[in-house]
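# Chain and residue survey
Listed here are the chains, written in short residue letters.
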Amino acid sequence: MMQVLSVASEAYPLVKTGGLGDVVGALPGALSGHGITVTTLMPGYPAVRAHIGDAPLVHHYPNLMGAEARIRASYINGFPLLVLDAPALFQRDGGPYGDRSGADWPDNWRRFAALGRAAADLASGAIPNWRFDLLHGHDWHAGLAPAYLRYAPGPGPVAPSLMTIHNIAFPGRFDVSIFPFLGLPPRAYSIDGTEYYGGVGFLKAGLASARAITTVSPGYAREIREPAFGMGLEGLIRTRSGDLTGILNGIDPKIWNPQSDPALAARYDSHGLNLRRTNKRAIESGFGLTQSDGPLFTVISRLSWQKGMDVLAEQLDTLVALGGRLALLGTGEAALEAKFRAAASRHPGRIAVALGYDEKLSHLLQGGADAILIPSRFEPCGLTQLYGLAYGCVPVAARTGGLSDTIIDANEAALAQGVATGILFDSVTSEGVANALQRAVSLYARPDAWSRLQVQGMAADFSWHQSGARYAELYAKLIRGPA
Ligand code: ADP
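None of these values were measured; they are calculated from a predicted model.

Rules of the game
- Residues numbered from 1 in each chain as written.
- Predicted model: local features only at pLDDT ≥ 70, side-chain atom pairs only at ≥ 80, totals over all residues.
- Heavy atoms only, no water.
- Helix = DSSP H or I, 4+ residues; strand = E, 2+ residues; numbered from the N terminus.
- Rg over C-alpha atoms; globule rule 2.2 N^0.38 Å.
- Buried < 20%, exposed > 50% of the residue type's maximum accessible area, 1.4 Å probe, protein only.
- Contact = heavy atoms within 4.5 Å.
- Areas by Shrake-Rupley, 256 points an atom, 1.4 Å probe, with all protein chains shown as cover.
- Phe/Tyr/Trp six-rings, centres within 6.5 Å; stacked < 30°, edge-to-face > 60°.
- Lys NZ or Arg CZ within 6 Å of the ring centre and 35° of its normal.
- Axes fitted to C-alpha atoms, helices over the stretch in contact; angles between N-to-C directions.
- Parallel < 35°, antiparallel > 145°, perpendicular 65-115°, else oblique.
- Nonpolar A, V, L, I, M, F, W, Y, C, P; charged D, E, K, R; others polar.
- Near = heavy atom within 4 Å.
- Polar contact = N/O pair within 3.5 Å; in protein donor to acceptor, adjacent residues only side chain to side chain.
- Domains from an automatic or database assignment.
- Expected span 1.5 Å × (residues − 1).
- Pairing = 2+ DSSP bridges.

So, on to the overall build of the protein. When helices and strands are counted, the protein shows 20 helices and 18 strands. Computed over C-alpha atoms, the radius of gyration of the protein comes to 23 Å, within 12% of the 23 Å expected from 2.2 N^0.38 for 483 residues, which places it in the range of a compact globule. Looking at the 483 residues of the protein, the share that counts as buried comes to 61%. Summarising the internal contacts of the protein: among those between residues at least 6 apart in sequence, 72% fall at separations of at least 24. In the structure as shown, the protein presents an accessible area of about 18,400 Å², 54% of it carried by carbon and sulfur atoms.

This is the structure we're talking about:
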């Protein structure tokens, strides 16, 4: 069996703030059929500690980045889990990255340097009886792991490393004054090492040090070569483009399947789309929307600039004028939350918002709303459109990144050929969003065309089947080493 150490801050169902958690949680299952054991290493946040209890000790650090820490071994979804149990770093009220007010923890550099160091120790023989063939790091939280393997490895064989970019917009940049505390040699503070715009960049360090890089869609892999998407890392991405591939995220059919989903009021398949109406009624009554068979839009999203939520918030009167209704589930920037709340009070019965994080409700919305709005300015892969496709909740999305890789726009040719699965629009502007809403409402008024969109979307296979095979191939290539 090939042994891979997957290093991340989130893994569903223990910790999830977005798509990263879903993907890291699904990866071991996606690869288990390929002769690969994926062990997940994550921080011991309160929910993780509660899950593992006093799981067996693997290693004790009297002092890891200034904190006492232990690595403990347990399981997640039936697959091996290693937890970096360091209460001083991770046992805190609030979220994984900040306190209840949303402010980042001031010592995030220390917390995730500790994660990176522990990962590198596991993957380079510093911890007796443990070895891995490959280290797979996710996003900036794991970015220092490949850098430690490169500049300060343990005494054993050093595993090759792979970094996956789930979102390049989170660079993990810290002041240069932290560098001396990282335990890296001075030469690691260089332009092809950890240096990032005069500070230390955790993602940069990982991208510069890993043997290979992936990101979560082919479209985003192309986009991040450009300044508009690369967030200052486009130069490095271009230099490393020979080592960069895009592998789409998959969805886990055990968790996202309308035929068996316990969160739905009615379960269905593509032959029983009329059953979705029961779910629609449940949404209407839960959100206090007027009951109607007219188009019901949903949004399930972080409320942020990336997601284009500012533009959408300006088009809610248009949405209502077109005869639409909206049930929104999201959390994020206070100013955006206020805008959506204001729209809900302007349009009672037509617009309703649930400002919070609610996993179960997100399933019901996919199972009962007619269309999901995703006006993202950039979208590395996006999962909510994949869930929408699987549930017959037609995605209406910006043509960017993973959205354009996974949705086939309902232009006349695609409709005629029976391949369309959603609506893509080009510009995240008031006009772009208004036009997309108009197109959606017009198509919805053609029930045959609309249900074909739904059926075609539900037939699209975005399970991990293909993407698992792509990762397996890449892992094998990296373990074999340079030809
Ligand atoms: P990102 O990771 O950028 O936030 P993705 O589309 O890749 O975007 O993944 C978002 C994930 O988080 C999806 O699983 C989505 O259903 C979920 N999600 C987002 N907001 C909420 C919310 N308020 N309540 C429940 N689930 C949410």
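There is more to say after this.
Applying the stated rule across the entire model yields 16 aromatic pairs. Pairing Trp140 with Phe202 gives two aromatic rings, centres 5.9 Å apart and planes at 65°, and the pair type is edge-to-face. Of this pair, Trp140 sits in the loop between strand 6 (134-138) and helix 5 (144-151) while Phe202 sits in helix 6 (residues 202-209); the two residues are 62 residues apart in sequence, bridging distant segments of the chain. In this structure Phe202 comes out as buried when scored by relative accessible area, which is 0%. Their ring planes at 85° and their centres at 5.0 Å tell us that Tyr196 and Tyr197 sit as a pair that is edge-to-face. In this structure an aromatic cluster arises from ring pairing among Tyr45, Phe90, Tyr97, Phe112, Trp140, Phe174 and Phe202. In this structure, Arg92 packs its charged tip against the face of Trp105, placed 5.0 Å from the ring centre.

So, on to the packing of helix 1 (residues 19-32) against helix 20 (residues 464-480). Across the interface, helix 1 lies against helix 20 with an axial gap of 9 Å and an inter-helix angle of 80°. As far as their axial angle goes, helix 20 and helix 1 are roughly perpendicular. For the pair helix 1 and helix 20, contact is made by Val23, Ala26, Leu27, Ala30 and Leu31 and by Trp464, Gly468, Tyr471, Ala472 and Tyr475, respectively. In terms of residue class, the contact of helix 1 with helix 20 is built from nine nonpolar, one polar and no charged.

Further remarks concern the site of the ligand. Around the ligand lies a shell of 19 residues, among which Lys16, Gly19, Asp22, Arg302 and Gly356 are the nearest. In this structure, Lys16 approaches the ligand through a side-chain N or O atom, which is 2.8 Å from an oxygen atom. Protein burial of the ligand: of its 570 Å² of free accessible surface, 93% is covered by the chains. Of all the elements in the fold, those that place two or more residues in the shell around the ligand are helix 1, strand 13 (296-303), strand 14 (325-332), helix 14 (359-368) and helix 15 (384-391). Class assignment for the residues of the shell around the ligand results in five nonpolar, eight polar and six charged. Two domains each donate at least three residues to the shell around the ligand, and these are domain 1 (2-250 + 464-480) and domain 2 (273-459).

The subject of this paragraph is helix 18 (residues 430-444). For helix 18, which comprises 15 residues, the first-to-last C-alpha distance of 21 Å matches the rise-based estimate of 21 Å (1.5 Å per residue) to within 8%. Residues Gly432, Val433, Ala434, Ala436, Leu437, Ala440, Val441, Leu443 and Tyr444 constitute the buried set of helix 18.

Next up on the list: the sheet that holds strand 18 (residues 423-425). With parallel pairing, the six strands of this open sheet are ordered in space as 15-14-13-16-17-18. Across the chains shown, the open sheet's two edge strands, defined by having one partner strand only, are strand 15 (351-355) and strand 18. Going from strand to strand, the sheet's axes swing by 20° on average, the running direction of each strand aside. The pairing of strand 13 with strand 16 (residues 371-374) spans two bridges and is classified as parallel. When the sheet's bridge partners are listed, Thr298 is paired in strand 16 with Ile372. Contacts between helix 13 (residues 334-346) and the sheet are confined to strand 13, strand 14 and strand 15, with strand 15 contributing the most and set at about 145° to the helix.

Following Tyr12, the chain continues to Pro13 via a peptide bond in cis, the omega torsion being 10°. Residue position: Pro13 is located in the loop between strand 1 (2-7) and helix 1. Residues other than glycine seldom take positive phi values, yet Asp139 does so here, at roughly 60°. Checked against the element boundaries, Asp139 lands in the loop between strand 6 and helix 5. Not every positive phi belongs to a glycine, and Met231 is a case in point at roughly 50°. On the secondary structure map, Met231 appears in the loop between helix 8 (227-230) and helix 9 (234-239).

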